[in-house]
Amino acid sequence: MKNDEIIVSKTDLKGRITYGNSTFLRFSGFDEVDMIGTQHNVVRHPDMPRGVFKLFWDTLQNKEEIFAYVKNISQDGSFYWVLANVTPSLDDNDNVMGYYSVRRKPNPRALQIVSTLYRDMLSAERNAGSRDAIGASTQVLHQFLKEKGQTYEQMVLSLQAL
Ligand SMILES: Cc1cc2nc3c(=O)[nH]c(=O)nc-3n(C[C@H](O)[C@H](O)[C@H](O)COP(=O)(O)O)c2cc1C
């Protein structure tokens with residue numbers, strides 16, 4: 001991504017895409033017609049640990065925003081890293097109507113650290129097997145954050161400022 005680029009998408013409550021800006025279309029390689037209604041995991045890269053998406057959805061379901069480093073895959077098989085800020089869209093009665101994601105260029109120095117962390121999480125998932133995968137990688141993440149004395153959000157924002 002370039003410094004001034006912003007990738008935007010919106011989803012319904014089930015993570016189906018309801019909107020994507022032209023930068024999203026360009027990075028993902030989608031046509032607008034094909035994109036609407038598609039599950040957002042269509043850009044999920046196999047290097048992304050399930051434990052990250054568990055934290056992601058738990059945070060959103062608490063009606064909180066999340067900042068996350070995410071590696072995405074394009075239709076042509078190439079990848080792009082983003083720093084995503086995802087927020088729940090609330091109505092006047094505080095009901096969640098959908099979700100909104102704004103992504104910008106991640107700090108390349110942050111990605112050296114995050115890609116190693118995610119690799120360790122993924123490896124814990126593979127060793128644990130499907131049923132215990134999320135628990136195993138969440139443990140790796142918690143241990144990493146404990147050593148740093150940070151929450152995931154604090155880690156993300158401090159790495160972005162490196
Ligand atoms: C607004 C919004 C944006 C999302 N953006 C991405 C994204 O860029 N990349 C991604 O892999 N998952 C994204 N997700 C999460 C996916 O919906 C999905 O949970 C994730 O890809 C993991 O796939 P799985 O749920 O099939 O395991 C987004 C979800 C929401 C609600």
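Computed from a predicted model, the values in this text were never measured in an experiment.

**Overview of unusual backbone geometry**
Positive phi outside glycine occurs at Lys63, with the angle close to 65 degrees. Along the polypeptide, Lys63 turns up in the loop between helix 3 (50-61) and strand 3 (66-73). Its identity is not glycine, yet Asp94 carries a phi of approximately 70 degrees, on the positive side. Judged by relative accessible area, Asp94 falls into the partly exposed class, the value being 42%.

**Concerning the layout of surface pockets**
In this structure, the largest pocket spans a volume of roughly 490 Å³. Forming the boundary of the largest pocket are 24 residues, of which His40, Asn41, Phe53, Phe56 and Trp57 lie nearest the centre. Sorting the residues of the lining of the largest pocket by element identifies strand 1 (7-11), helix 3, strand 3, strand 4 (79-90) and strand 5 (96-104) as the ones contributing at least two each. The element best represented in the lining of the largest pocket is helix 3, accounting for five residues. Its residues placed into classes, the lining of the largest pocket shows twelve nonpolar, nine polar and three charged. The space that makes up the second largest pocket amounts to roughly 200 Å³. Taken together, Lys54, Leu55, Asp58, Thr59, Asn62, Glu64, Glu65, Ile66, Phe67, Thr151, Tyr152 and Glu153 make up the lining of the second largest pocket.

**Digging into the pairing of strand 5**
Direction of pairing for strand 1 relative to strand 5: antiparallel, over a ladder of five bridges. Bridge pairing in strand 5 links Val8 to Val102.

**Details of the site of the ligand**
Around the ligand, the surrounding shell holds 15 residues, and the nearest of these are Asn41, Arg44, Trp57, Asn72 and Arg103. One of the side-chain N or O atoms of Asn41 is found 2.7 Å from an oxygen atom in the ligand. Contact distances for the ligand include 3.2 Å between a nitrogen atom and a side-chain N or O atom of Arg103. Structurally, the ligand is housed in the largest pocket. Those elements that provide at least two residues to the shell around the ligand are helix 3, strand 3 and strand 5. Considering every element that reaches the shell around the ligand, the biggest residue donor is strand 5, with four residues. Broken down by class, the residue content of the shell around the ligand amounts to eight nonpolar, five polar and two charged.

**Quick word on the packing of helix 3 against helix 5 (residues 133-148)**
Relative to each other, helix 3 and helix 5 sit at 85 degrees, their axes nearing to 8 Å. It follows that helix 3 is roughly perpendicular to helix 5 by the angle criterion. In this structure, helix 3 uses Arg50, Gly51, Lys54 and Leu55 to contact helix 5, whose residues at the interface are Ala133, Ile134, Ser137, Thr138 and Leu141. Its residues placed into classes, the contact of helix 3 with helix 5 shows four nonpolar, three polar and two charged.

**A word on the pattern of salt bridges**
As enumerated under the stated definition, the model contains six salt bridges in all. The salt bridge involving Glu5 is made with Arg26; its shortest N-O contact spans 2.7 Å. Of the two residues, Glu5 is situated in the segment before strand 1 and Arg26 in helix 1 (residues 22-28); the sequence distance between them amounts to 21 residues. Residue class for Glu5 comes out buried when judged on its relative accessible area of 9%. Taking the shortest distance from any N to any O, the salt bridge between Asp58 and Lys54 comes out at 2.7 Å. Within this pair, Asp58 and its partner Lys54 are both found in helix 3, separated by four residues, close to a single helical turn. For Lys54, a relative accessible area of 38% translates into the label partly exposed.

Rules of the game
- Residues numbered from 1 in each chain as written.
- Predicted model: local features only at pLDDT ≥ 70, side-chain atom pairs only at ≥ 80, totals over all residues.
- Heavy atoms only, no water.
- Helix = DSSP H or I, 4+ residues; strand = E, 2+ residues; numbered from the N terminus.
- Buried < 20%, exposed > 50% of the residue type's maximum accessible area, 1.4 Å probe, protein only.
- 1 Å grid on protein atoms, 1.4 Å probe; cavity = no way out; pocket = protein on both sides within 12 Å on 5 of 7 lines; lining within 4 Å.
- Points joined across faces, edges and corners; volume = space filled by probe spheres on them.
- Nonpolar A, V, L, I, M, F, W, Y, C, P; charged D, E, K, R; others polar.
- Pairing = 2+ DSSP bridges.
- Near = heavy atom within 4 Å.
- Polar contact = N/O pair within 3.5 Å; in protein donor to acceptor, adjacent residues only side chain to side chain.
- Sits in = over half its atoms within 2 Å of the grid points.
- Axes fitted to C-alpha atoms, helices over the stretch in contact; angles between N-to-C directions.
- Parallel < 35°, antiparallel > 145°, perpendicular 65-115°, else oblique.
- Contact = heavy atoms within 4.5 Å.
- Salt bridge = Lys/Arg side-chain N within 4 Å of Asp/Glu carboxyl O.

The analysis is restricted to geometry; functional conclusions fall outside its scope.
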